[in-house]
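Understanding the architecture of this molecule
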Amino acid sequence: RSILHETGTTAVFVTHDRDEALRLGDRLAVMMDGRVLKEGRPQEVLARPASQEVAAFVGTETVLPGVVRNEQQGLLDVEVAPEKHVAAVGRSTVGSRVLVCLRPEEVTLLEPHQEGHSSARNHFLGTVQEVSDLGLFLRVTLDCGFLIVAYATRISVSEMAIALGQPLVASFKATAVHLIPQ
């Protein structure tokens, strides 16, 4: 990256390593089956995948089918399971089918008694289904009537004594949700 920057050289770099592509690229294109499915600045491709395939490739681990039930001042109410609704910032027509995409680093885990006032509009009580070691942090999967994946530091997992079957609240902002029209 530094050599390319210093010399002003343009290069096309092909990799299957998502982290490498994000570190080195000024622009990113996700190709599958010989077709470019999403192209743009790395953070745009990461935060706003164009399809379920791109979402999976860029690390979006929570992808839920949903139906837009209400829209008010740019805030959408998306039903993702019976009596389970996600608040998301966006534009869509009531009745539209969408995929609700949420990156695991956008999810905060709370003990049920910690839930209070915050700017996060989404709070779902669930139980821990899986805890996976990813090296520097852990991947925690909650069953909230649908699965939500969160990343947590080792210190947080230890302090909260996160274990299988434990009740926790998954919390995230409406601005963290990305919707893909279906």
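Structure shown above.
So, here is what we can say about the structure in this document.

About the cut-offs
Residues numbered from 1 in each chain as written. Predicted model: local features only at pLDDT ≥ 70, side-chain atom pairs only at ≥ 80, totals over all residues. Heavy atoms only, no water. Pairing = 2+ DSSP bridges. Helix = DSSP H or I, 4+ residues; strand = E, 2+ residues; numbered from the N terminus. Axes fitted to C-alpha atoms, helices over the stretch in contact; angles between N-to-C directions. Phe/Tyr/Trp six-rings, centres within 6.5 Å; stacked < 30°, edge-to-face > 60°. Buried < 20%, exposed > 50% of the residue type's maximum accessible area, 1.4 Å probe, protein only.

**Quick word on the pairing of strand β4 (residues 75–81)**
Here is the key point about a regular strand: its side chains alternate between the two faces of the sheet. Pairing geometry for strand β3 (residues 62–72) and β4, over five bridges, is antiparallel. Among the inter-strand pairings, Val-67 is bridged to a residue of β4, identified as Glu-79. Taking the residues between adjacent antiparallel strands as the criterion, β3 and β4 are bridged by two residues, where Gln-73 takes a positive phi near 50°. Bridge count between β4 and strand β5 (residues 84–89): six bridges; the pairing is antiparallel.

**A few points about the sheet that holds strand β10 (residues 147–153)**
With antiparallel pairing, five strands are arranged side by side in an open sheet as β7-β11-β8-β9-β10. The sheet terminates laterally at β7 (108–110) and β10, the two strands that pair on one side only. Neighbour to neighbour, the strand axes of the sheet diverge by 45° on average, direction disregarded.

**Here we look at the sheet that holds strand β6 (residues 97–102)**
Strand order in the open sheet formed by five strands is β5-β4-β3-β6-β12, and the pairing between neighbours is antiparallel. Only two strands of the sheet have a single partner each, and these edge strands are β5 and β12 (178–181). For this sheet, the mean inter-axis angle between neighbouring strands, taken without regard to orientation, is 45°.

**What to know about the packing of aromatic side chains**
The final tally for this structure, using the stated rule, is three aromatic pairs. Measuring from ring centre to ring centre gives 6.0 Å for Phe-124 and Phe-172, while their planes differ by 25°; the resulting arrangement is stacked. Residue Phe-124 is found in strand β8 (residues 122–133), and its partner Phe-172 is found in strand β11 (residues 167–172); the two are separated by 48 residues along the sequence. For the ring pair Phe-137 and Tyr-151, a centre distance of 4.7 Å and an interplane angle of 45° mean the geometry is tilted. Taken as a pair, Phe-137 in strand β9 (residues 137–143) and Tyr-151 in strand β10 lie far apart in primary sequence, 14 residues in all. Look at Tyr-151 and you get partly exposed, because its relative accessible area is 25%. Within the aromatic cluster, the residues linked to one another by ring pairs are Phe-124, Phe-146 and Phe-172.

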